[in-house]
Amino acid sequence: MDHLNSNSVSLTKDAAAQIFLQYYDYVRSVAFRLAPAGQIQDDISHDVFVEFTEHHDRWILEKGKIKPLLRKITQNIALQYWRRYVKEQPEFLQNIIHEIWDPTDHDSDRDLDLHEDMLLALKVCLQKLTPRNRKIVEMHYFKNASYEQIMKETNRTVPTLYSLMTRIRSALHQCIKKAMNLEIENE
């Protein structure tokens, strides 16, 4: 492979730069799917390539193996970033969880307030919303905007927003159940 020397263990600076240029967009897109908060995708991507180049001797680098390796490194680093992000902004996510999750719907042995899997599932589910609906959720929960403020920003009536938020909460609830492999009852 062009990026590696003949024994597939040593990585030159030129080869590292070439790999960076070739896979940067891919790594950033994986980072965005796993940790979409703020602008941390660039930080994650940077850390992925630092990890890759500093420890390249740990892996057998050959054609077809770099992309899956970068994906795995990205998953690990993005998860670390996401955990830190959740700890920094737990109130925002907890507020959404409390509004969409009925405590009778889950196993009583789970601690709903601190359940990391649920928070990770919520993160994924928020990204599945349409950009317009995601903006409404972010305004309401993250920026603590009132329905009247959201109405002015989105040109929707307050009753329409109430109805929309009910549908969004229901969709997030079902998505979290599915993401956590919980049984979804037929309604």
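Here is a short report on the structure shown in this document.

Criteria and cut-off values
- Residues numbered from 1 in each chain as written.
- Predicted model: local features only at pLDDT ≥ 70, side-chain atom pairs only at ≥ 80, totals over all residues.
- Heavy atoms only, no water.
- Salt bridge = Lys/Arg side-chain N within 4 Å of Asp/Glu carboxyl O.
- Helix = DSSP H or I, 4+ residues; strand = E, 2+ residues; numbered from the N terminus.
- Buried < 20%, exposed > 50% of the residue type's maximum accessible area, 1.4 Å probe, protein only.
- Contact = heavy atoms within 4.5 Å.
- Arc of directions from axis to C-beta.
- Disulfide = S-S within 2.5 Å.
- Phe/Tyr/Trp six-rings, centres within 6.5 Å; stacked < 30°, edge-to-face > 60°.

### Topic: the pattern of salt bridges
Two side chains carrying opposite charge are able to pair once their charged atoms lie near each other.
Part 1 of the argument: Scanning all chains against the criterion turns up two salt bridges.
Part 2 of the argument: One salt bridge connects D42 with R28, and the closest N-O pair in it is separated by 2.6 Å. On the criterion of sequence distance, the pair formed by D42 in helix α2 (residues 40-54) and R28 in helix α1 (residues 13-34) is long-range, its members being 14 residues apart.
Part 3 of the argument: The class for R28 is partly exposed, based on a relative accessible area of 24%.
Part 4 of the argument: Between E153 and K135 there is a salt bridge, with the nearest N and O atoms lying 3.2 Å from each other. With E153 in helix α7 (residues 147-154) and K135 in helix α6 (residues 131-142), the pair connects residues that are 18 residues apart, well separated along the chain.

### Brief notes about the environment of M118
Part 1 of the argument: When you line up the elements, M118 lands in helix α5 (residues 116-128).
Part 2 of the argument: Take M118: its relative accessible area is 2%, and that puts it in the buried class.
Part 3 of the argument: Spatially, the C-alpha atom of M118 lies 6.8 Å from that of I176, the residues being 58 residues apart in sequence.

### Details of the side chain of S45
Part 1 of the argument: The residue S45 is located in helix α2 in this model.
Part 2 of the argument: The class of S45 is buried, set by a relative accessible area of 0%.
Part 3 of the argument: Apart from the residues within four sequence positions on either side, S45 is in contact with Y24, V27 and R28.

### A word on α7
Part 1 of the argument: Among all positions in α7, only Y147, I150 and T154 are buried. Within α7, the buried residues cover an arc of 60 degrees as seen down the axis, which keeps them to one side.
Part 2 of the argument: Turning to α7, the residues buried within the fold contact α6 and α8 (158-179).

### Regarding the state of the cysteines
Part 1 of the argument: With the rule as written, the count across this model stands at one disulfide.
Part 2 of the argument: Two residues share a disulfide in this structure: C125 and C175, whose sulfurs sit 2.2 Å from each other. On the S-S bond that ties C125 to C175, the torsion sits near -90 degrees, and the link is left-handed. Within this pair, whereas C125 is found in helix α5, its partner C175 is found in helix α8, the two being separated by 50 residues in sequence. One exposure class covers both C125 and C175, and it is buried.

### Describing the packing of aromatic side chains
Each aromatic ring pair is specified by the distance between its two centres and by the angle formed by the two planes.
Part 1 of the argument: Per the stated rule, a full pass over the model turns up three aromatic pairs.
Part 2 of the argument: With a centroid separation of 4.3 Å and 45 degrees between ring planes, the pair formed by Y147 and Y162 is classed as tilted. Here Y147 is found in helix α7, whereas its partner Y162 is found in helix α8, with 15 residues between them in sequence.
Part 3 of the argument: Residue Y162 is classed as partly exposed on the basis of its relative accessible area, which comes to 43%.

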